[in-house]
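Structural description and commentary
Here's the letter readout for the chains.
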Amino acid sequence: MKFGPRELLFVALLIAMPVSAYFYVFQPRTETIEEARAEIIRMQGKLNQLEQATRDMPDLGAEIAKLAQAIELYEQRLPQREEVDGILEDVWRVAVANKLEPVSVRTQQVIGTATYSELPIRMKIKGDFDGFYQFLLDVEKLPRITRLPDLRLTKSRDKEGEGQMVAEITLSIFFEGDEPANPNRPGGNA
């Protein structure tokens, strides 16, 4: 057999076809398959994590029931609007029992939300620091939900002795919201 330009061209075409098939068909297909395998491995990892999380998770129904009981407990600690005066009397009694002298008590505007309301009460109390510390501990033990967002202590200028102070506090009392929330007030729904 004689090899001329025609035969060389034919052999070059025979060699070029598998090479071009490799670059234009097989290599892109191989890359696609590798990407799919990587995606499968990633998804399998996520599936394993999900399976582990659901295996470790306790019974959802029991967890929801426990959270509902906690919500109910907090709602029981929210007094009705009429009971707020009784809470004020309790706070006053706690102050007097700790040898503190309530100088002034001013209620501020009620802050309403969808499920509860908050009544900030501005108080000024004079007395011994140790008594004030015990007052804070006793207020914390009250059966209702209260918060002390603002507290300012100053040394008393009276000549009553060492350890005397004046405290200006804001005591927030929470109660069941019977007023619609006003979006223009702080704490209201927007």
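Refer to the preceding data block for the structure.
Throughout what follows, the structure given in this document is the object of discussion. Here, residues in each chain are numbered from 1, in the same order as that chain's written sequence. With the structure being a predicted model, the display of local features is reserved for residues of pLDDT at least 70 and the display and counting of side-chain atom pairs for 80 or more, all residues being used for whole-chain, interface and lining totals. For the side-chain quantities, the full set of heavy atoms in the structure was used; hydrogens and water were omitted.

1. With respect to the overall build of the protein chain
- Helix and strand assignments come from DSSP, with helices taken as H or I runs of at least 4 residues and strands as E runs of at least 2, each series counted from the N terminus. Secondary structure summary: the protein chain contains four helices and five strands in total.
- When its helices and strands are written in sequence order, the protein chain yields α-α-α-β-β-β-α-β-β.
- Contacts were defined at the residue level, with two residues in contact if any of their heavy atoms lie within 4.5 Å. Excluding contacts between residues fewer than 6 apart, the proportion of contacts in the protein chain whose partners are at least 24 apart in sequence is 67%.
- Counting every atom, the protein chain has about 14100 Å² of accessible surface; 58% of that belongs to carbon and sulfur. Note on areas: Shrake-Rupley, 1.4 Å probe, and residue coverage restricted to the protein chains presented here.

2. Some thoughts on the side chain of Ser 172
- Inspection of the secondary structure puts Ser 172 in strand E5 (residues 164–176).
- Burial classes follow relative accessibility: with a 1.4 Å probe on protein chains only, a residue under 20% of its type's maximum area counts as buried, one over 50% as exposed, and anything between as partly exposed. Given the relative accessible area of 1%, Ser 172 is considered buried.
- Ignoring any residue separated from it by four or fewer positions in sequence, one finds Ser 172 in contact with Glu 118, Leu 119, Pro 120, Ile 145, Thr 146, Arg 147 and Pro 149.

3. A few points about unusual backbone geometry
- The residue Lys 99 is not glycine, and still its phi comes out positive at about 60°.
- In this structure, Lys 99 sits in the loop between helix H3 (84–97) and strand E1 (100–107).
- A relative accessible area of 71% places Lys 99 in the exposed class.

4. Points about a nonpolar patch on the surface
- Candidates for patches are residues over 30% relative accessible area with no salt bridge; among them, like charges are joined within 9 Å and nonpolar side chains (Val, Leu, Ile, Met, Phe, Trp, Tyr) within 5 Å. By definition, a salt bridge exists where a carboxyl oxygen of Asp or Glu is found within 4 Å of a side-chain nitrogen of Lys or Arg. Together, Phe 3, Leu 8, Phe 10, Val 11, Leu 14, Ile 15, Val 19, Tyr 22, Phe 23, Tyr 24, Val 25 and Phe 26 make up an exposed nonpolar region whose accessible area comes to about 1300 Å².
- Structurally, Phe 10 is set in helix H1 (residues 5–56).

5. Here we look at the pattern of salt bridges
- The tally for this structure, following the rule as stated, stands at seven salt bridges.
- A salt bridge links Arg 42 to Glu 39; its shortest N-O distance comes to 2.6 Å. With a gap of three residues between them, Arg 42 and Glu 39 both fall in helix H1, about one helical turn apart.
- Exposure remark for Glu 39: the relative accessible area of 34% places this residue in the partly exposed category.
- For Arg 122, the salt bridge is made with Asp 150, and the minimal N-O distance between the two is 3.0 Å. Of this pair, Arg 122 sits in strand E3 (residues 116–128) while Asp 150 sits in strand E4 (residues 146–155), placing them 28 residues apart in sequence.
- Since its relative accessible area comes to 35%, Asp 150 is described here as partly exposed.
- Each of the salt bridges in this network shares a partner with another, and the network as a whole consists of Arg 122, Asp 150, Arg 152 and Glu 168.

6. Some remarks on the nonpolar core
- Take the buried Ala, Val, Leu, Ile, Met, Phe, Trp, Tyr and Cys residues and link them wherever side-chain atoms come within 4.5 Å; each set so joined is a nonpolar core. Leu 100, Met 123, Phe 132, Phe 135 and Ile 169 are the most contacted members of the largest nonpolar core, which totals 20 residues.
- The set of elements that each furnish at least two residues to this core consists of H3, E3, helix H4 (129–140) and E5.
- With six residues, the single largest contributor to this core is E5.
- In this structure, Met 123 is in contact with Val 91, Ser 104, Val 105, Ala 167, Glu 168, Ile 169 and Leu 171, ignoring residues within four places of it in sequence.

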